[in-house]
Amino acid sequence: MGRYQWGQDPWTDPFTHLRRMQEEIDRLFGTYGASAGTEFPPMNVWAGTDGAVVITEIPGVGPEDIEVTVHENTLTLKGRREMPTNGKEVTYHRRERRFGPFGRTIALPFGVDSANVRATFANGVLSIQLPRPESDKPRRVQIATA
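Structure report, in brief.

Each value, and the rule that gives it
Residues numbered from 1 in each chain as written. Predicted model: local features only at pLDDT ≥ 70, side-chain atom pairs only at ≥ 80, totals over all residues. Heavy atoms only, no water. Pairing = 2+ DSSP bridges. Helix = DSSP H or I, 4+ residues; strand = E, 2+ residues; numbered from the N terminus. Buried < 20%, exposed > 50% of the residue type's maximum accessible area, 1.4 Å probe, protein only. Contact = heavy atoms within 4.5 Å. Phe/Tyr/Trp six-rings, centres within 6.5 Å; stacked < 30°, edge-to-face > 60°. Lys NZ or Arg CZ within 6 Å of the ring centre and 35° of its normal.

Two strands pair when backbone bridges link them, and strand β3 (residues 66–71) and strand β4 (residues 74–81) are joined in this way by six bridges, in the antiparallel orientation. Looking at β4, one finds that H71 is bridged to T74. Counting the residues in the hairpin turn of β3 and β4 gives two residues, including E72, whose phi is positive at 55°.

The next subject is the side chain of R104. Relative to the helices and strands, R104 is located in strand β5 (residues 100–107). A relative accessible area of 14% places R104 in the buried class. Setting aside its immediate chain neighbours within four residues, R104 contacts E39, F40, P41, P42, M43, L75, T76 and L77.

Turning to the packing of aromatic side chains, a few remarks are in order. Here the structure, examined in full by the defined rule, presents one aromatic pair. The lysine or arginine in question, R81, covers the ring of F99, its NZ or CZ lying 5.5 Å from the ring centre.

Printed below as a string of structure tokens:
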């Protein structure tokens, strides 16, 4: 006798019909994918013993339109992507790129040495180096013998 996997059989997954209805509503109003919970800008975060690195893609935005702030263990990224003006008589056939203000706030697993944070921006990619303070880094404890 075969087993059904969760999410593959509409009779065992109570949310199948709700998902299908949400997709139809999204398609009808042209917001397909917006309900997926994707945040802008997308980020990758790596953390190690010396600090963290955040890489985020922000195409169509210049470094002068981005604000990066760090407080204790929280990184906040804010900015605005302006919509290009294509003339008054233009009607969009399809519009999937997001425009307007954006912001992300993430909590890091440790405090940050905010005086030594470095950010670089090239080709629409923002890289942020977030060093960990020396006082917060793990240290090896020497064991004394009796």
